[in-house]
Amino acid sequence: MALIAAGGVIAAAVLRTVGSTAEYLAVAARVEVGATIDRSDLRTVRITVDPALEPIRASAADSVIGKFAAVALVPGTLLTQAQLTDSALPGPGRQLVGISLPQERMPAERVKPGASVLLVITTDEGPAANQQATAAPISIKAIVVDVRHGVKEGTTLLNVAVLERDGPLVAARAAAGRIVVALTTEN
């Protein structure tokens, strides 16, 4: 009889631990990379969380408001600290530049946010370009902040963070269609 009672107590304790729910923060509205988190971007959900997950408890909502999205936040997903940053993107001394690229100017492997890339500036086409063919191409280091489908069919929009001094050059060459993206292993 004591064995049955002990088994019942253990089963109740396990059920209480596994079956307990708590309130956590979830994303209510899409938040773009670098945008400030507002209370209207969040909602509270009551769920049972797997121990492998680390969502933010609803009671910590005030500490989340005013932080910046380190990645694009999608409605319906749980919010974690890894998705947030205290500093605005692209960060001090950097500029955020949007580049629309056709598929042939990007690696076949999917470029993801956080990836280190080289933006290779291609030469102009024409007789003057032949004279410069022996010169090394200009390449600029960048970090991919966001990746989206481009407006035109077959294009991808990359938002990249570059050093402030390189921003105008990257923007001008991107507008002229003179950038090729190369993935690097740096981070």
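Residues numbered from 1 in each chain as written. Predicted model: local features only at pLDDT ≥ 70, side-chain atom pairs only at ≥ 80, totals over all residues. Heavy atoms only, no water.

Chemist: Explain the overall build of the protein chain to me, please; I cannot follow it from the model alone.
Modeler: Scanning the protein chain from N- to C-terminus turns up four helices and nine strands. When its helices and strands are written in sequence order, the protein chain yields α-β-β-α-β-β-β-β-α-β-β-α-β. The buried share among the 187 residues of the protein chain stands at 29%. When contacts within the protein chain are restricted to residue pairs at least 6 apart in sequence, long-range pairs at least 24 apart make up 66% of them. (Helix = DSSP H or I, 4+ residues; strand = E, 2+ residues; numbered from the N terminus. Buried < 20%, exposed > 50% of the residue type's maximum accessible area, 1.4 Å probe, protein only. Contact = heavy atoms within 4.5 Å.)

Chemist: It is not clear to me how helix α4 (residues 167-175) should be interpreted in this structure. Could you clarify?
Modeler: Residues spaced three or four apart along an α-helix point in a common direction, a consequence of the helix completing one turn every 3.6 residues. Within α4, the full set of buried residues consists of G167, V170 and A174. End-on, the buried residues of α4 take up no more than an arc of 70°, which puts them together on one face. Exposed side chains of α4 directed beyond 90 degrees from the buried face belong to P168 and A175. Looking at the buried side of α4, the elements it contacts are β5 (94-102), β6 (116-121), β7 (138-149), β8 (155-163) and β9 (179-183). Just downstream of α4 lies G177, where phi reads positive at about 70°. (Arc of directions from axis to C-beta.)

Chemist: Explain the pattern of salt bridges here, please?
Modeler: On inspection of all chains with the given rule, the structure shows seven salt bridges. E23 serves as the salt-bridge partner of R46, at 3.9 Å between the closest nitrogen and oxygen. One end of the pair, R46, is in strand β2 (residues 42-47); the other, E23, is in strand β1 (residues 22-27), with 23 residues separating them in the sequence. With a closest N to O distance of 3.4 Å, D86 and K67 form a salt bridge. Remark: K67 occurs in the loop between α2 (61-64) and β3 (68-69) and D86 occurs in the loop between β4 (84-85) and β5; sequence separation between them is 19 residues. Salt bridges here are not isolated pairs; linked through shared partners, they connect R30, E32, D146 and R148. (Salt bridge = Lys/Arg side-chain N within 4 Å of Asp/Glu carboxyl O.)

Chemist: I would appreciate a short explanation of the nonpolar core in the present structure.
Modeler: General note: in soluble globular proteins, nonpolar side chains tend to be found buried as a group. Residues I99, L119, L158, V160, V162 and V170 are the most contacted members of the largest nonpolar core, which totals 19 residues. Counting residues in hydrophobic clusters, the runner-up holds 13 residues, among them L25, A58, L73 and L79. (Core = buried A, V, L, I, M, F, W, Y, C linked by side-chain atoms within 4.5 Å.)

Chemist: Sorry if this is basic, but what is going on with the pairing of β1 here?
Modeler: Side-chain positions along a regular strand alternate between the two faces of the sheet. Burial within β1 is extensive, with five of its six residues counted as buried. Inspection of the sheet shows β1 paired to β2 by six bridges, in the antiparallel sense. The residue bridging V27 from the neighbouring strand is L42, located in β2. (Pairing = 2+ DSSP bridges.)

Chemist: What exactly am I supposed to notice about the environment of V97 here?
Modeler: Within the element layout of this structure, V97 appears in strand β5. Separated by 71 residues in sequence, V97 and P168 place their C-alpha atoms 8.7 Å apart. Beyond its immediate stretch of four places on either side in the chain, V97 contacts L158, N159, V160, V162, G167, V170 and A171.

Chemist: Quick question: what am I supposed to make of the pairing of β7 here?
Modeler: Where β6 lies against β7, six bridges are found, and the strand directions are antiparallel. Along β7, the bridge assignment pairs S116 with I143. Pairing of β7 with β8 involves six bridges; the strand directions are antiparallel. Residue pairing in the sheet places D146 in a bridge with N159 of β8. Counting the residues between successive antiparallel strands, the hairpin from β7 to β8 contains five residues, one of them, G154, with a positive phi of roughly 80°.

Chemist: Any chance you could explain the environment of T85 here in plain terms?
Modeler: Within the secondary structure layout, T85 lies in strand β4. With 15 residues separating them along the chain, T85 and A70 place their C-alpha atoms 5.6 Å apart. Aside from chain neighbours lying at most four places away, what touches T85 is K67, F68 and A70. In this structure the side chain of T85 is engaged in a polar contact, spanning 3.4 Å, whose partner is the backbone nitrogen of S87. (Polar contact = N/O pair within 3.5 Å; in protein donor to acceptor, adjacent residues only side chain to side chain.)

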